[in-house]
Amino acid sequence: MPIDLEALSTCTRCDLSLTRQRVVIGSGPQKPTLLVVGEAPGRSEDEGGEPFIGRSGQLLFRLIVEEVGITRAECFVTNVVKCRPPNNRTPTRHELDTCHPWFRAQLDDVQPRVVLALGNTAARSIFGYERGIGQTHGVVTQLESGPGLATYHPAAALRGGAPVLELMRADLRIVKSLLESP
Ligand code: URA
Ligand code: SF4
């Protein structure tokens, strides 16, 4: 079922609606090769209205092109929380739980081949992992939509440099192998 974009773009279910500039819904094709899911919009995204349009996104899609061989145009890109938390703080449990039905509806609607969660918050929210991203990245987990996995958030690679980049590249090669398997 298509999601109610009008309702989502005016959602006031949690208090992030009081400080956001706009709801960052996400965008991409139906039945995308990859559903890419971050944590929450940052400043650029809150202003621009699209996910991952800042520095993290540039790095992320460069890595996806290099390791998976697909472009942003083949991905549906969104976040587990659709409104920017003040000062980019981590979303609270309440905010995550309140926003989650929107993500569920998107997942059902979009029908990606593979889901890629970025960082701890998205990984926990989507797959229910209790352990941290250091132990859960690269593990393939079946969702109702099909397979998914988590990797580090590109912001962690911007901070952590080459070691984190190499781990992300290895995880993205797992994405590629999932796409190549029948
Ligand atoms: N970080 C995220 O998790 N999502 C964005 O959209 C931008 C930065
Ligand atoms: Fe609604 Fe999610 Fe925005 Fe909260 S973060 S107001 S639940 S869209």
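Refer to the structure printed above.
Note that the structure is predicted; figures quoted are calculated from it, not measured.

With respect to the site of ligand 2
Okay, step 1: Around ligand 2 sit Leu-8, Cys-11, Arg-13, Cys-14, Leu-16, Ser-17, Arg-20, Val-81, Lys-82, Cys-83, Thr-98 and Cys-99, and those are all the residues in its vicinity.
Okay, step 2: Of all the cavities here, the one that holds ligand 2 is the largest cavity.
Okay, step 3: For the shell around ligand 2, a count of residues per class yields 7 nonpolar, 2 polar and 3 charged.

Concerning the site of ligand 1
Okay, step 1: The full set of residues close to ligand 1 is Gly-38, Glu-39, Ala-40, Glu-45, Pro-51, Phe-52, Asn-79 and His-153.
Okay, step 2: Within the backbone of Phe-52, one N or O atom sits 3.0 Å away from an oxygen atom of ligand 1.
Okay, step 3: In this structure, His-153 approaches ligand 1 through a side-chain N or O atom, which is 2.8 Å from an oxygen atom.
Okay, step 4: Protein chains shield 91% of the accessible area of ligand 1, which is 240 Å² for the free molecule.
Okay, step 5: Judged by the proximity of its atoms to the pocket grid, ligand 1 belongs to the largest pocket.

Points about the packing of helix α3 (residues 55–67) against helix α8 (residues 162–180)
Okay, step 1: Across the interface, α3 lies against α8 with an axial gap of 9 Å and an inter-helix angle of 50 degrees. Overall, the two elements α3 and α8 adopt an arrangement that is oblique. The handedness of the crossing between α3 and α8 comes out as right-handed. Mapping the contact onto sequence places Leu-59, Leu-60, Arg-62, Leu-63, Ile-64, Glu-66 and Glu-67 in α3 and Leu-165, Met-168, Arg-169, Leu-172, Arg-173 and Lys-176 in α8.
Okay, step 2: Looking at the contact of α3 with α8, its residues break down into 7 nonpolar, no polar and 6 charged.

Some points on empty space enclosed by the protein
Okay, step 1: This model, assessed by the stated rule, comprises 1 cavity of 30 Å³ or more.
Okay, step 2: Estimates place the volume of the largest cavity at around 100 Å³.
Okay, step 3: Together, 16 residues line the largest cavity, and Cys-11, Cys-14, Cys-83, Cys-99 and Trp-102 are the ones closest to its centre.
Okay, step 4: Looking at the lining of the largest cavity residue by residue, the classes come out as 9 nonpolar, 3 polar and 4 charged.

A few points about the sheet that holds strand β4 (residues 141–143)
Okay, step 1: Pairing within the open sheet is mixed, and its 5 strands lie in the order β2-β1-β3-β5-β4. Every other strand in the sheet has two partners, leaving β2 (75–79) and β4 as the edge strands with one partner each. Mean inter-strand twist for the sheet, computed between neighbouring axes without regard to direction, equals 25 degrees.
Okay, step 2: Here α3 sits on the sheet in contact with β1 (34–38), β2 and β3 (114–118), set at roughly 150 degrees to β1.
Okay, step 3: In this fold helix α4 (residues 93–110) packs onto β1, β2 and β3, with an angle of close to 170 degrees to the strand it touches most, β2.

Reading guide: rules and limits
- Residues numbered from 1 in each chain as written.
- Chains lettered and ligands numbered in written order.
- Predicted model: local features only at pLDDT ≥ 70, side-chain atom pairs only at ≥ 80, totals over all residues.
- Heavy atoms only, no water.
- Near = heavy atom within 4 Å.
- 1 Å grid on protein atoms, 1.4 Å probe; cavity = no way out; pocket = protein on both sides within 12 Å on 5 of 7 lines; lining within 4 Å.
- Sits in = over half its atoms within 2 Å of the grid points.
- Nonpolar A, V, L, I, M, F, W, Y, C, P; charged D, E, K, R; others polar.
- Polar contact = N/O pair within 3.5 Å; in protein donor to acceptor, adjacent residues only side chain to side chain.
- Areas by Shrake-Rupley, 256 points an atom, 1.4 Å probe, with all protein chains shown as cover.
- Axes fitted to C-alpha atoms, helices over the stretch in contact; angles between N-to-C directions.
- Helix = DSSP H or I, 4+ residues; strand = E, 2+ residues; numbered from the N terminus.
- Parallel < 35°, antiparallel > 145°, perpendicular 65-115°, else oblique.
- Left-handed = near helix turned anticlockwise from the far one by under 90°.
- Contact = heavy atoms within 4.5 Å.
- Points joined across faces, edges and corners; volume = space filled by probe spheres on them.
- Pairing = 2+ DSSP bridges.

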